[in-house]
Amino acid sequence: MAVVNVVAPNGGESYQPGDTVQVVWTSTGASTAADLTLHPVTEAQEEFAGSNSGEINDYSTLSVAIEVPTDGIISDLEVGIRLDHTYTNDLQIVLRHPGGMGITLVNGEGGSGNNFGSGATDCSGNFTIFDDDAAALIVAGSAPFEGRHQPENLLSAFDGLSMRGTWQLEITDSFLWDEGALHCVTLSAATQGQSLAIGVNSLYPWAIDGSVANGNYLLEVASGGGTDLSDASFALADPPPPTTTTTTTTTTPPTTTTSPPTTTTLAPIFDASDNFPTSPVNEYVANSGYYEDEWSGLLDAAAYLEQTPEQLQTMSVGVIAFLMALSGPDQPIWSIGSPPDVNGGHVVQSHYFDADGTQNSLENVAAATNLNGAQTQKFATSVLIFLIMLSQLQEG
């Protein structure tokens, strides 16, 4: 299979009708002929500048809503983050689709280093960009992770889903002492595209004639079984209107306009790791830490069931709750020995919702085992991992 690399346009350019763009790429295949596709890009951002910065506090989760009002099926997704924090190893960052599925972008990386991105503490700063096609891995990077990095879990898991709705960026600080603030998050979603040319060679002259709507686009080049997208979006726009100079003397009374203050509300999510809420909430989270010898088993089990680690934890709680329900309503406290140690360095956060009954499952298992939320989650997951290992031994 050929290895394809888009050279131009590769992001940041702006074109208008009448321009001719040289579309350039390289390919290791026997044939350099390629099919070109344009993918429209929808971009959304949330900025928290100055005193409105989103605070990232110890032992809590900051959840930021990102509204995407546009319909379309996702074919590529990127996330940009600019935040300050004095110990990036404390942080887990998850992007959650409006349908509920979450992808961990980064978890416990960077050691004692500072920040994601650099420069201005608003959306004009230099970002950390999570991009599946990036050459640099976030797990091999170092703070402030400026530029493009491949996330811990690929964003392609969202491909084929609708981009419309309210996304959530969830930043969890699982340790004491160091804190920080989120300044800006951007979401860039490319949808299924339109053909630009078929069977053409590099240095293809694309004459922009107005037949493609104004907007932001990614270019896809497919050749010899390989494909590549431009690193970032480029813009198609009409030329600015001609400048007309006139001399007019007009006397008008001064106008005073008062704009109402803008308030950004961050959706609260209860952390049920140590205790459960005393009043109903729509959603809460539980954080369980795994040590190195446990982490590989968790990843293997999640891969076996084609789940993320976060999904595996929620599934495990549901399985144990189901088994306990089969025992009847008069079941005694389950004796499990010492509570599981949840302080490992690989912290996995799972979400539990009132609407789908997962909160009820976690609380029932916790009551039966006399454990808190984090311990219950890890206990249930350990049981399911053990059952999967037995199944794999029988298959082998």
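Every residue gets a number counted from 1 within its own chain, in the order that chain's sequence is written. Local features in this predicted model are restricted to residues of pLDDT 70 or higher, and side-chain atom pairs are both shown and tallied only at a pLDDT of 80 or more, whereas totals for entire chains, interfaces and linings draw on every residue. Calculation of side-chain values draws on the structure's entire complement of heavy atoms; hydrogens and water are dropped beforehand.

(A) Quick look at the sheet that holds strand β19 (residues 270-271). Criterion used throughout: strands pair if DSSP finds at least two bridges between them. Each helix is a run of H or I in the DSSP string that is no shorter than four residues. Each strand is a run of E no shorter than two, and both are numbered from the N terminus. Pairing is mixed in the open sheet, where three strands are placed in the order β19-β20-β21. Edge positions in the sheet fall to β19 and β21 (346-353), since each has one partner strand and no second. As defined by bridge partners, β19 adjoins strand β20 (residues 283-290) across two bridges and the pair is classed as parallel. Residue pairing in the sheet places Asp-271 in a bridge with Val-285 of β20. Two residues qualify as a contact provided that any one of their heavy atoms is within 4.5 Å of a heavy atom in the partner residue. Only the stretch in contact is used when fitting a helix axis, every axis being a line fitted to C-alpha atoms; angles between N-to-C directions are given from 0 to 180 degrees. Against the sheet, helix α2 (residues 309-326) touches β20 and β21, its axis set at about 55° to β21.

(B) Representation of the packing of aromatic side chains within the structure. Only centres within 6.5 Å qualify two rings of Phe, Tyr or Trp (six-membered ring in Trp) as a pair; their planes then separate them into stacked at under 30 degrees, edge-to-face at over 60, and tilted for everything else. One pass over the full model with this rule turns up six aromatic pairs. Geometrically, the ring pair formed by Tyr-15 and Phe-234 is edge-to-face, given 6.0 Å between the ring centres and 65° between the ring planes. Taken together, the residues Tyr-15 in strand β2 (residues 14-15) and Phe-234 in strand β18 (residues 234-236) connect sequence positions 219 residues apart. The pair Tyr-15 / Phe-234 is uniform in exposure class, with both members buried. When the ring of Phe-116 is compared with that of Phe-145, the centres are 4.9 Å apart and the planes differ by 15°; the resulting orientation is stacked. Note that Phe-116 is positioned in the loop between β9 (102-107) and β10 (128-131) and Phe-145 in the loop between β10 and β11 (147-149), a separation of 29 residues in sequence. The same class applies to Phe-116 as to Phe-145, namely buried. Stacked on the ring of Tyr-290, the Lys or Arg Lys-378 has its end atom at 5.0 Å from the ring centre. The buried label applies to any residue whose accessible area, calculated with a 1.4 Å probe on protein chains only, is under 20% of its type's maximum; exposed applies above 50%, and partly exposed to all values in between. For a ring to carry a charge above it, either NZ of a lysine or CZ of an arginine must fall within 6 Å of the ring centroid while also lying within 35 degrees of the normal to the ring plane.

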